[in-house]
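Listed below, chain by chain, are the residues.
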Protein chains: 2
Amino acid sequence: MKLHFSESIQQLKTLATREILKLTQGNDIISFAGGLPAEDFFPDKSIQSAFVKVFEQGKNSLQYGITEGHSLLREEICKRMLLKGIQANLDQIQITTGSQQAIDLITKVFINRGDTILIENPTYLAALQVFQGYGANVIEVSSDDDGMNLNDLTEKIKRYQPKFIYVTPTFANPTGRVWSKERKQGILQICKQFETILIEDDPYGEIQFNKTTDCSSIYSLHTTNDFNPVLYTSTFSKIVAPALRTGWVIGNENIIQQITKAKQTADIHSSMIDQQALYFLLKDFDLDQHILTICSEYKKRKDQMTHLLKEYEIPAKWVEPQGGMFLWLTMEDSTINSAELLKKAVQKGVAFVPGTVFYTGQAEINTMRLNFTYSAFEQMEKGIKRLQHVLS
Amino acid sequence: MKLHFSESIQQLKTLATREILKLTQGNDIISFAGGLPAEDFFPDKSIQSAFVKVFEQGKNSLQYGITEGHSLLREEICKRMLLKGIQANLDQIQITTGSQQAIDLITKVFINRGDTILIENPTYLAALQVFQGYGANVIEVSSDDDGMNLNDLTEKIKRYQPKFIYVTPTFANPTGRVWSKERKQGILQICKQFETILIEDDPYGEIQFNKTTDCSSIYSLHTTNDFNPVLYTSTFSKIVAPALRTGWVIGNENIIQQITKAKQTADIHSSMIDQQALYFLLKDFDLDQHILTICSEYKKRKDQMTHLLKEYEIPAKWVEPQGGMFLWLTMEDSTINSAELLKKAVQKGVAFVPGTVFYTGQAEINTMRLNFTYSAFEQMEKGIKRLQHVLS
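Each residue is numbered by its place in its chain's sequence as written, counting from 1. The lettering of chains begins at A and the numbering of ligands begins at 1, in the order of writing. Totals for whole chains, interfaces and linings use all residues, but because this is a predicted model, local features are given only for residues with pLDDT of at least 70 and pairs of side-chain atoms are given and counted only at 80 or more. Computation of side-chain values covers all heavy atoms of the structure but excludes hydrogens and water.

## Concerning the interface of chain B and chain A
When the parts of a complex come together, some accessible area is lost, and that lost area is often taken as the interface size.
Argument step 1. Note on contacts: a residue pair is in contact if any heavy atoms of the two residues lie within 4.5 Å. Opposite the 83 residues of chain B that make contact, chain A presents 82 residues.
Argument step 2. Two parts placed together each lose some accessible area under a 1.4 Å probe, and the buried area is that loss summed for both. Counting the surface lost from both chain B and chain A, the interface buries some 6,900 Å², and carbon and sulfur atoms represent 62% of this.
Argument step 3. Ranking the residues of chain B by area buried against chain A places Met1(B), Lys59(B) and Tyr64(B) at the top, with a combined share of 11%.
Argument step 4. One speaks of a salt bridge when a side-chain nitrogen belonging to Lys or Arg is within 4 Å of a carboxyl oxygen belonging to Asp or Glu. Our enumeration of links across chain B and chain A arrives at 4 salt bridges.
Argument step 5. In this structure, Lys108(B) and Asp104(A) form a salt bridge, with 3.4 Å as the shortest nitrogen-oxygen distance.
Argument step 6. Polar contact criterion, stated in full: a pair of N or O atoms within 3.5 Å, where within protein one must be able to donate a hydrogen and the other to accept it, and residues adjacent in sequence count only if both atoms are side-chain atoms. Inspection of the region where chain B meets chain A yields 38 residue pairs in polar contact (both at pLDDT 80 or more).
Argument step 7. Only DSSP runs of H or I reaching four residues or more are called helices, and only runs of E reaching two or more are called strands; each is numbered from the N terminus. For the side of chain B that touches chain A, the leading source of residues is helix H9 (residues 253-267) of chain B, giving 10 residues.

Okay, here's the thing in structure tokens:
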């Protein structure tokens, strides 16, 4: 029988990272590829206590919930967001199955096939995949270490009239960079001027290595009473644990209503047990103290990785990340194709993500993304040693 | 700022049932509207033990999982499916966030805007919403108490060349009916002949009141070695608990691969904690015995509801359901508009779903769906009494 799949699904290429992860599973491969948090620091005992409290609530904690998400959890998230300067009421927040679902639902709510989305280049691979699946015309805006080039942005807004702009301004995936406050303020003003929606994807914003880094969210920079064009999305995956698959999106009520409608047909609602457990966790556990621990440990791992890269003379340069989970390497030899290099690397027992997959259009083939949070010191050293072998 | 939403989201009307549920929340309204299982029978202690076992596994149970779903859970589902005559290996099953997500992902995998889907009329409201959201041309096939009219089906396949046919052949939502085995075999043959995919949505198949009712799944009737055109979907929402949001879809490997791709961009994977807990539950808890208990209790509630409808002389007829969760009433007075009636009913403190929302095209306005599983005896009597007031 001949199968006739939709255009959307045909346009969705299988994710390179996913195939890589498959190769590395169960083998003696040290993987710097996945965006995995370190298991050692998961607050498992506190999570378990939170689940016990859910069951103590009685049987109705096992019933269907509302699509918007558990109200008490949304309240706790609003309180946490306030600490980041993000003001939102309960009707401005939708719970999602990780922030990935937020990106998917937002795209569903805005994009007709052929509509334009502006992005940073490089940017988060799985967001690119979502946009391609919806048949969007994805256009890159030139960027540097301070964020998007605002002149190029303005020009491209005028030229393409995009439905939205997608950015990860704080400890970006894959580059690890933080936009300067000036650029953050700039993009907000431009979005207001041209009435363009801005998706601020912020899964890493709390994983901050230096107190002095300005991690303001673009959403919070809107302080006037007019329309805030920013949709802010984040997740508990990196600061609590990924298995809970709980993220959220905050924004204008009219937009959130449409996202809720999309969520209703997508899966009715996310796991209510996990949402209730997260509510108890936020209430009873010192998440901020926990985040400080993670940040301190991840900083150590980042320092160790950059130290090892120097020690083993990996011929690459990078901008020292001030937070997040990734180190973005540019090989000194600009003819190195890191996608080709990966095949050899996997044979030698080490994996990374070749930089090319994060680009649309012109890609820098000699780039790669290394995750520094997952591997403990010994493993990390073994992995970097193997990388040295591959390159020599 | 003017918001420009996508066609998809504009076509998605807010679900009537959802608005009704909102009206009934927190008020003294007895609702026969929702498709809720009875909380009294949730196996909360066993579910709690299953979660404890997840945490005993150690911290890596909190890490990201694979998109296809927890392998051990998929194995257990395969074993259960075998008891229903459904043979599938691990690569033929995708875990979803409830069976709602299975319907959404299947539609994403097959439907371009304008493609045709054939359905029963009436059919599951939230599936209709999904299909409309993807811009499908939804065409009804005439049906009677034995299932779809196979002549009309054949004619419409020839005329419209549908991408797929969507049916709930066992204890349907909203009608509660079961297709005859002959019709089940008939539709399978027709789908094979015309190379058409068949979605068999089976959330209620195990809620069976009489041992003699033939609940064969259409998927299981395919016993030859050629291509099985059936995608079978079900969920733990009705037989364990909805809050876990765990369903699955079984089918041809090539199709499942595409569904996995769609799932990857939609939300990476469903809650791994819930999936692992369900694995332990299936392994250590006598789910079949539990299902027998539910069936026996739900049959009592169904009997009570039909008894009350007679006792309070509700002027309606119905086909006695042999399973599932719903009673489908047709008011004797064919001029009664049950959507109008609902407004009065909510004022009098009782809710149901007006039948019209389950139809595309020609609707029978004097129909309504009553859920008989959620309300315990006393509440149910109070509700039916109120319904009598509304009608008198």
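This is not the end of the story, as more comes after the structure.
## A few points about the relation of the copies chain B and chain A
Argument step 1. C-alpha atoms of residues with pLDDT of at least 70 in both copies form the basis for the least-squares superposition of the copies. In screw terms, the move from chain B to chain A is a rotation of 180 degrees and a rise of 0.0 Å along the axis, fitting with an RMSD of 0.0 Å. Each copy turns onto its partner about a two-fold axis. It is Ser271(B) whose C-alpha, among those of chain B, lies nearest the rotation axis, at 3.5 Å.
Argument step 2. Looking at chain B, 99% of its interface residues are interface residues in chain A too, so the copies touch through the same face.

## Considerations on the packing of aromatic side chains
For any pair of aromatic rings, the description rests on two quantities: the centre-to-centre distance and the angle between the ring planes.
Argument step 1. We call Phe, Tyr and Trp rings a pair once their centres come within 6.5 Å, taking the six-membered ring for Trp, and we label the pair stacked below 30 degrees between planes, edge-to-face above 60, and tilted otherwise. Applying the stated rule across the entire model yields 25 aromatic pairs over all chains.
Argument step 2. Judged by centre distance (6.3 Å) and plane angle (75 degrees), the ring pair of Phe110(A) and Phe164(A) falls under edge-to-face. Taken together, the residues Phe110(A) in helix H5 (residues 98-110) and Phe164(A) in strand E7 (residues 164-167) connect sequence positions 54 residues apart.
Argument step 3. Since its relative accessible area comes to 1%, Phe164(A) is described here as buried.
Argument step 4. With a centroid separation of 6.0 Å and 80 degrees between ring planes, the pair formed by Trp328(A) and Phe358(A) is classed as edge-to-face. Of the two residues, Trp328(A) is situated in strand E12 (residues 326-331) and Phe358(A) in the loop between strand E14 (353-354) and strand E15 (367-371); the sequence distance between them amounts to 30 residues.
Argument step 5. Of the residues examined, Phe358(A) reaches a relative accessible area of 1% and is grouped as buried.
Argument step 6. Three or more aromatic residues joined by ring pairs make a cluster, and in this case those are Phe5(A), Phe110(B), Phe131(B), Phe164(B) and Tyr166(B). Relative accessibility under 20% of the residue-type maximum defines a buried residue, over 50% an exposed one, and the middle range a partly exposed one, all with a 1.4 Å probe and only protein chains included.

## Digging into the environment of Thr335(B)
Residues and elements named next belong to chain B.
Argument step 1. Note that Thr335 resides in the loop between strand E12 (326-331) and helix H12 (338-348).
Argument step 2. Between the C-alpha atoms of Thr335 and Ile365, which are 30 residues apart in sequence, the distance is 7.7 Å.
Argument step 3. Polar side-chain contacts of Thr335 include one of 2.6 Å to the side chain of Asp333.

## Regarding the sheet that holds E14(A)
Residues and elements named next belong to chain A.
Argument step 1. DSSP calls a pair of strands paired once it identifies at least 2 bridges connecting them. Read across the open sheet, the 4 strands follow the order E11-E12-E15-E14; overall the sheet is antiparallel. Of all the strands in the sheet, the pair left with one neighbour each is strand E11 (316-317) and E14.
Argument step 2. Here 5 bridges tie E12 to E15, and the two strands are oriented antiparallel to one another. Within E15, the residue paired with Thr330 across the bridge is Thr367.
Argument step 3. Across the sheet, helix H11 (residues 287-311) lies against E12 and E15, angled at about 20 degrees from E12, the strand it touches most. Helix axes use the C-alpha atoms of the stretch in contact, all axes being lines fitted to C-alpha atoms, and the angles between their N-to-C directions lie in the range 0 to 180 degrees.

## Focus: the pairing of strand E15 (residues 367-371) of chain B
All names here are of chain B.
Argument step 1. Counted residue by residue, E15 has 5 buried out of 5 residues, so it is predominantly covered.
Argument step 2. Across the two faces of E15 the burial is the same, with Thr367, Arg369 and Asn371 and Met368 and Leu370 all buried.
Argument step 3. Bridge count between strand E14 (residues 353-354) and E15: 2 bridges; the pairing is antiparallel. Paired with Pro354 across the bridge in E15 is Met368.

## Let's talk about the UniProt feature "domain: Aminotransferase class I/classII large" (unreviewed entry) in chain A
Argument step 1. Under the local residue numbering, the UniProt record ascribes the feature "domain: Aminotransferase class I/classII large" (unreviewed entry) to residues 45-386 of chain A.
Argument step 2. Counting secondary structure, residues 45-386 of chain A comes out at 42% helix and 16% strand; the distance between its end C-alpha atoms is 36 Å. UniProt positions are given in the numbering used here, feature names are shortened, and annotations may be inferred rather than shown by experiment.

## Remarks on the domain arrangement of chain A
All names here are of chain A.
Argument step 1. Domain ranges listed in this record stem from an automatic or a database domain assignment. Domain assignment breaks chain A into domain 1 (7-43 + 288-391) and domain 2 (44-284).
Argument step 2. For domain 1 versus domain 2, the distance between C-alpha centres works out to 24 Å.
Argument step 3. Contact residues are listed per partner, giving 35 residues for domain 1 and 39 residues for domain 2.
Argument step 4. Together, Pro43, Gln322 and Thr360 form the three largest contributors to the area buried by domain 1 at its contact with domain 2, with a combined 21%.

## What to know about the environment of Met1(A)
Argument step 1. Along the chain, Met1(A) turns up in the segment before helix H1 (7-11).
Argument step 2. Take Met1(A): its relative accessible area is 30%, and that puts it in the partly exposed class.
Argument step 3. Sequence-distant contacts of Met1(A), that is, excluding residues within four places in its chain, are made with Glu195(B), Thr196(B), Ile197(B), Phe227(B) and Pro229(B).

## Some remarks on the packing of helix H3 (residues 44-56) of chain B against helix H10 (residues 272-284) of chain B
Residue and element names in this part refer to chain B.
Argument step 1. Two elements in contact, H3 and H10, have axes whose closest approach is 8 Å; the angle formed by their N-to-C orientations is 115 degrees. At the point where H3 passes H10, the crossing takes the right-handed sense. Within the contact between the two elements, H3 uses Ser46, Ile47, Ala50, Phe51, Lys53 and Val54 and H10 uses Ile273, Asp274, Gln276, Ala277, Phe280, Leu281 and Asp284.
Argument step 2. Gly falls in the polar group here, along with every residue not listed as nonpolar (Ala, Val, Leu, Ile, Met, Phe, Trp, Tyr, Cys, Pro) or charged (Asp, Glu, Lys, Arg). Considering only residue class, the contact of H3 with H10 consists of 8 nonpolar, 2 polar and 3 charged. In this scheme the handedness of a crossing depends on how the near helix is turned from the far one: anticlockwise by less than a right angle means left-handed, clockwise means right-handed.

## Overview of the pattern of salt bridges
Argument step 1. Inspection of the entire model under this criterion finds 45 salt bridges over all chains.
Argument step 2. Close ionic contact of Asp144(A) with Arg183(A) constitutes a salt bridge, the shortest N to O distance being 3.0 Å. In this pair, Asp144(A) is assigned in strand E5 (residues 143-144) and Arg183(A) in helix H8 (residues 181-193), connecting sequence segments 39 residues apart.
Argument step 3. Taking relative accessible area as the criterion, Asp144(A) reaches 32% and is therefore assigned partly exposed.
Argument step 4. The exposure class assigned to Arg183(A) is buried, which follows from its relative accessible area of 17%.
Argument step 5. For the salt bridge of Asp267(B) with Lys263(B), the shortest nitrogen-to-oxygen distance reads 3.1 Å. Of this pair, Asp267(B) and Lys263(B) are both found in helix H9, 4 residues apart, which corresponds to roughly one turn of the helix.

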